[in-house]
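Results of the structural survey
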Protein chains: 2
Amino acid sequence: MAETILGATFVTIFIPASCLIGILFALLQWYVVSLVKVGGGSSSNGNKNGHSDYLLDSSEEGGDEASVIEKVKSIQEAISEGAESFLVTEYKYLAIFMSLFSVIIFLFLGSVGGFSTDLVPCTHDSAELCSAPLANAIFTTIAFILGALTSTFSGYLGMKIATYANARTALEARKSVGQAFIVAFRSGAVMGFSLAASGLLVLFITILLFKIYYGNDWVGLYEAITGYGLGGSSVALFGRVGGGIYTKAADVGADLVGKVERNIPEDDPRNPAVIADNVGDNVGDIAGMGADLFGSFAESTCAALVISSISSFGQERSFVAMSYPLLISAVGIIVCLITALFATDLFVIKNVDQIEPALKRQLVISTVLMTLGVFAVSYVALPSTFLINVIGKESLHAKWWHVWLCVASGLWAGLLIGYVTEYFTSNTYSPVREVADACKTGAATNIIFGMALGYKSVIVPVFAIAASIYLSFTFAAMYGIAVAALGMLGTLSTGLAIDAYGPISDNAGGIAEMAGMNHAVRERTDALDAAGNTTAAIGKGFAIGSAALVSLALFGAYVSRAGISIVNVIEAQTFVGLIVGAMLPYWFSAMTMKSVGTAALAMVEEVRRQFNTMDGIMEGRVKPDYKRCVAISTDASLREMIPPGALVMLTPIIVGTLFGVNTLAGLLAGALVSGVQIAISASNTGGAWDNAKKYIEAGVSDHAKSLGPKGSDAHKAAVIGDTVGDPLKDTSGPSLNILIKLMAVESLVFAPFFAAHGGILLKYLS
Amino acid sequence: MAETILGATFVTIFIPASCLIGILFALLQWYVVSLVKVGGGSSSNGNKNGHSDYLLDSSEEGGDEASVIEKVKSIQEAISEGAESFLVTEYKYLAIFMSLFSVIIFLFLGSVGGFSTDLVPCTHDSAELCSAPLANAIFTTIAFILGALTSTFSGYLGMKIATYANARTALEARKSVGQAFIVAFRSGAVMGFSLAASGLLVLFITILLFKIYYGNDWVGLYEAITGYGLGGSSVALFGRVGGGIYTKAADVGADLVGKVERNIPEDDPRNPAVIADNVGDNVGDIAGMGADLFGSFAESTCAALVISSISSFGQERSFVAMSYPLLISAVGIIVCLITALFATDLFVIKNVDQIEPALKRQLVISTVLMTLGVFAVSYVALPSTFLINVIGKESLHAKWWHVWLCVASGLWAGLLIGYVTEYFTSNTYSPVREVADACKTGAATNIIFGMALGYKSVIVPVFAIAASIYLSFTFAAMYGIAVAALGMLGTLSTGLAIDAYGPISDNAGGIAEMAGMNHAVRERTDALDAAGNTTAAIGKGFAIGSAALVSLALFGAYVSRAGISIVNVIEAQTFVGLIVGAMLPYWFSAMTMKSVGTAALAMVEEVRRQFNTMDGIMEGRVKPDYKRCVAISTDASLREMIPPGALVMLTPIIVGTLFGVNTLAGLLAGALVSGVQIAISASNTGGAWDNAKKYIEAGVSDHAKSLGPKGSDAHKAAVIGDTVGDPLKDTSGPSLNILIKLMAVESLVFAPFFAAHGGILLKYLS
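Remember, it's a predicted structure, so these values are computed and weren't measured experimentally.

**Overview of the overall build of chain A**
What chain A contains, in helices and strands, is 22 helices and 4 strands. Radius of gyration (C-alpha) of chain A: 25 Å, near the 27 Å computed for a compact globule of 766 residues. By principal-axis analysis of the C-alpha atoms, chain A measures approximately 80 × 55 × 45 Å. Within chain A, residue pairs in contact and separated by at least 24 positions form 83% of the contacts whose partners lie at least 6 positions apart.

This is the structure:
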């Protein structure tokens, strides 16, 4: 048996310990943020506290200090309530869905062995006996529920801290941009660390508990654990798709009536949809993104575990080597913690120009540290050489540093994707400026150039993913792909922190506007927000890049679990799967785009109704009914997510059952290679349009000034592009991650069923 | 040896005979069109002829009869000259490209056997001797040149007849819509029949001549013939991509200055780019579409021939069965001829409502007749049972009617795609009306709904293609796919005729406007044009559908020629090829969209320059310099097609040489499954926006009236959509056909080289 330097005891302590450190760090950040007090009435500190927050730095437009604070407090409460009401409603739907799907998982998997409680010969070695089919069905269902609950909890927590931090960021912005930045960043870190740590902790504990039953049947154990990935990913469907529809329905609905019809500015408190719009940032970009990345983390870990359970780690029962994927994530938490200190303590932001570099520095530092950390982990946790299972071929001899290279390739591919995304979506570079320039000749050229930019922005990321895949596969087959995905997600806490930072700053800007804070404050929150836009685009790049690697790893795990040795595209079944799979992202995007349109229309009608029937809103005498808008947006978005959700959830089941495992393999490959492209191009196009508009509005260069100011023809053209881009970058694009990952993990979980009973239509035909 | 009912002599007579009938029919149509006289001076008939064309039906706005005729004549001459000058310049570039590429083909293929003149053991049976590698290199190069010349000739002819017919259609529109329709339709038929017939004739003669050298080495013979497909497709690159950039650069350039800046209507003779715009319709939509479909025809025939040369037809030297793919096309010519009579002689168009049904009826009639015709051909030309080669597996036993079903599946899938395309792009159905309705809330919602429509329109065509692939592959492996593609192209003459009809009518409308014909005439040409828009969309649907099948057949032929038995996507090389291949259509689209933008900008500058420096243009006193605009558009479009052209031509060579046959196989599959989706969605989105605008302009229903009239906010939003859609539907979308087909046929031709010397980078790395 190949020896590892590290012992099992160390692993059993180290993983939960790093999770606890992550959670403690998150709590500490929360505590620091909570020192900024909002509102006088409810706070025991009264109007003053140690941080002298309420020093009015200059005259407010909206009245005196107390009135501003009061306004901030009431706005924050409204947003927080709105977000909570959305999530509670979403969780109701989710609970129904989860119950139903738990039953389906149990029935489908149980039926494979006729719900037998007898031990059966193992698939990988028929001389041994493996766990009963019924047990697999039960444990997979339990893992599914646990994954779903953990993801739900993390999303809820993220939303809570975000709605807690937005007002505090706005208040701090009155003092200085640096202090506001730190509040927003710390709040993002709460989300990032608590999610990564609790996800890993629950998974690790689940494995330990399941092991009590499974004993030495490691293949069965880790196959049951795949349910965890499916659970996490199912919640992501609700978060990303439902939340994505919500956020854009509210945004577009608010803009169409407010900006276009009533000619009032963005974030104007007279707009009935303004709270819903701000809620949208939290439920879509924070809870949705969190659930998405949690899903990726859970899925890539599950994929790596399933593959290694049939490689030499599993066959030789090397607990330390088996835990390698978990150790990567554990080290990631520590690395990200150190990285975060660079932003919060080692450097101080003095002016707005330093925000974006500070955030980008986070990415570089965490990537460099992680590369070193993974090197150490690989050295101590992996045997010096070992066998890795290759589907349909002889096993591969791999060395520990081969696997390290796989993880590193994922990490650095992620960084490269991040930088390319920034190049194509930030208005400091020529691509966005060219798009802004195209606004001179009208909205049509803006759209054409923006679309061309999105298409072009796909090239380098796909080459980066392809290179990482080639390298990882060559060194460690599908296991290499899975750990490359984990590598890209290794800096998850940092990624999430800077990602959550964006919507928090965006909300802070909204609150500053609504509370009538002065121009200087608004400028600071705008600068925070602009940097957040870019990091949001980078985050989306990471999300889709890791989704591609994760899906491929899941695909590999599916193929091996379904007992397929070759996925041959010159066979009719497989090719048909491939071309139909490549079509699915289009079908899905059509649905999500349409959903945004329909939900936005429901919002438009409500906003119009309030303006028309409630006198005094426009004059500011009457407060509009924000809650009703939140409710409308909630209902419409959750109703509208049913068709795309059904497409994702039902396709693998229908295809696997009717056409069998080969067609499904083709379908997954097709959806993956096609979906990646649309997802990247949609999110970058949208980001570029957004920043082209901001470029014209800010007017920082002569070129930008020649296109502006606000209200010029070029600016109007830019606004049209921005509106088109909104659903692309915040709904249909990111939702595609879910499409490709969820179909893959679902296929993996149901693989034994499809292998046993699938392809009934083709069997009937032939 | 399996017997066929038909004898070889019959085939040797029937194929050229049907080609000659087709050519004669085309000449007859031309003669009938030529009876309509344009202009007095140059025509010997003077101002009157037997058809009493010059009866002025009502007062012309532009002056008396003679002056209108004179204007028509001079406009027609300008368009004709412009088109000719574009094509001549294009052919110069083409000649250079062809010379270079001939050398490359010769060198690459010659190098496989070290330019040996000795006979070599055959790849399929090493006991036999096959033709010398040098001979293969020479004959492939010759076939390449012949294919290119035939395509060039057909495109030139199509352009000639189109520019000949446009003025005649405008003149006939003064009498009645029915007579105008017949002129346009007959002219389209000249193009359709001459192209299909000459393409088949040259191919057949080439085969007979090559056979003198090759004798019994049928595999070598038909492999050399693949050069014909590559030649045809290379010209299509210039026609589709160069022509596509030209037509949209001229169109967008004319509109941006004319409509937007100077506020003059479309087709206004004061616009210096107006002639270039009309030229564009001819070079892009006629010569380009012709070259594209000629390429598809040549390629699918070559694919079918290569595959059958290694199936039992080839091994048993059954000339009749080998000629089956050619017989399908020969029967197609006869079927389309009968079909055309329904439009020209059996039915008479009395009012505008009958135009679209008449054109659609052509599709249905030709499909039904072709199904019967192919049934007969399959019965008499194929042995009752025979063996078909399956890559990497045992041969398949097929019956004659199995193959018939393959052809029929292609035919009917084509019809279904046509109907779905119509449903999504015609403004008589709800999808386009919904898009028009979205214009109420502005350009942004119009764009979002239009994009969603395009995505949605992909679903059914992909299922149709998938079903046809599954059926064909099950019955006759890759041979089935190739003949399914031929089936879809079986009604090529009819398809091309109604396709060419569109731009001719469009031009006729332009000429009527420029010559100042009265409102009634303009309404008739508008109706002709609107029907043409729909048929153009249907034609594009056919083109992409057949391109998908053709590429798959070529892919199959490539795989077998490259000696690959499995294209396994769970191997790193292949998967990397797949994901990069799926990215190529995005890269290519980004390039073509950007090219249109750059070329349009060159045009805008020239038009502005003329307006600014040449006094009196706006007042109509001075004729603008049309020729200069034509020249600018020509140069810009041909210069701008170099990057996308290079991407298409170089990718297979680079990937095959550096990464080998497996990566290239993955790349082709990826580009195919991804490209089909973008091509369909781009062309349908563009078509829908165009017709949504027309729907608002025409204002035929209460709903349409509520959105209009011209100049309303909704109409302005619709115009923006239309402008965005133009490059999508006329340049980047259709160009993707070329991308996927040309890469596949090029890989097929170079397969022996890649198999022998390819993959040097991977060899070096490992």
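**Brief notes about the packing of aromatic side chains**
Tallied over the full model, the rule gives 58 aromatic pairs over all chains. The interplanar angle of 85° and the centroid separation of 5.3 Å between the aromatic rings of Y455(A) and Y586(B) together place this pair among those described as edge-to-face. Of this pair, Y455(A) sits in helix α13 (residues 443-456) while Y586(B) sits in helix α17 (residues 572-613), placing the two residues on different chains. The exposure class assigned to Y455(A) is buried, which follows from its relative accessible area of 13%. Arranged with centres 5.9 Å apart and planes meeting at 20°, the rings of F181(B) and F185(B) form a pair that is stacked. Separated by 4 residues within a single helix, F181(B) and F185(B) lie in helix α4 (residues 177-214), roughly one turn from each other. One aromatic cluster is present, built from ring pairs that chain together F97(A), F101(A), F108(A), F144(A), F238(A), F750(A), F753(A) and F754(A). Between R168(A) and the ring centre of Y164(A), over which it is positioned, the NZ or CZ distance is 3.7 Å.

**Examining the confidence of the model for chain A**
Here chain A averages 87 in pLDDT, and 96% of its residues register 70 or above. Low confidence marks residues 41-62 of chain A, where pLDDT is under 50. Its contacts with residues over four positions away, or in another chain, come to 46 contacts.

**Some points on the relation of the copies chain A and chain B**
By a simple turn and slide, chain A fits onto chain B: the slide is 0.0 Å along the axis, the RMSD is 0.0 Å, and the turn is 180°. Considering both components of the superposition, the chain copies are consistent with a two-fold axis. Residues of chain A ranked by C-alpha distance from the rotation axis are headed by N568(A), positioned 2.3 Å from it. Counting the interface residues of chain A, we find that 100% of their copies in chain B are interface residues as well, pointing to one common contact surface.

**Points about the pattern of salt bridges**
In this structure the tally under the stated criterion is 56 salt bridges over all chains. Residue K393(B) pairs with E571(A) through a salt bridge whose shortest N-O separation is 2.7 Å. Here E571(A) lies in the loop between α16 (519-561) and α17 (572-613) and K393(B) lies in the loop between β3 (385-388) and β4 (396-399), a pairing that spans two chains. Residue E571(A) is classed as partly exposed on the basis of its relative accessible area, which comes to 24%. Between D730(B) and K540(B) there is a salt bridge, with its nearest N and O atoms 2.9 Å apart. Taken together, the residues span a long stretch of sequence, with D730(B) in helix α21 (residues 713-757) and K540(B) in helix α16 (residues 519-561) at a distance of 190 residues. Residues D730(B) and K540(B) agree in their burial class; the two are buried. One salt-bridge network, in which partners are shared between bridges, spans K248(A), D251(A), K540(A), D690(A), K694(A), D726(A), K729(A) and D730(A).

**Some thoughts on the interface of chain A and chain B**
Contact residues are listed per partner, giving 64 residues for chain A and 64 residues for chain B. Broken down residue by residue, the surface that chain A buries against chain B is led by Y455(A), I570(A) and Y586(A), which jointly contribute 13%. On the surface where chain A and chain B come into contact, there are 4 salt bridges. Linking chain A with chain B are 11 residue pairs in polar contact (both at pLDDT 80 or more), by the criterion used here. Elements that contribute at least two residues to the side of chain A that touches chain B include exactly α13, α14 (459-488), α16, α17, α19 (642-698) and α21 (713-757) of chain A. Looking at the side of chain A that touches chain B, its residues break down into 48 nonpolar, 11 polar and 5 charged.

About the thresholds
- Residues numbered from 1 in each chain as written.
- Chains lettered and ligands numbered in written order.
- Predicted model: local features only at pLDDT ≥ 70, side-chain atom pairs only at ≥ 80, totals over all residues.
- Heavy atoms only, no water.
- Helix = DSSP H or I, 4+ residues; strand = E, 2+ residues; numbered from the N terminus.
- Rg over C-alpha atoms; globule rule 2.2 N^0.38 Å.
- Contact = heavy atoms within 4.5 Å.
- Phe/Tyr/Trp six-rings, centres within 6.5 Å; stacked < 30°, edge-to-face > 60°.
- Buried < 20%, exposed > 50% of the residue type's maximum accessible area, 1.4 Å probe, protein only.
- Lys NZ or Arg CZ within 6 Å of the ring centre and 35° of its normal.
- pLDDT = per-residue confidence, 0-100.
- Least-squares fit on C-alpha atoms with pLDDT ≥ 70 in both.
- Salt bridge = Lys/Arg side-chain N within 4 Å of Asp/Glu carboxyl O.
- Buried area = accessible area lost by both parts, 1.4 Å probe.
- Polar contact = N/O pair within 3.5 Å; in protein donor to acceptor, adjacent residues only side chain to side chain.
- Nonpolar A, V, L, I, M, F, W, Y, C, P; charged D, E, K, R; others polar.

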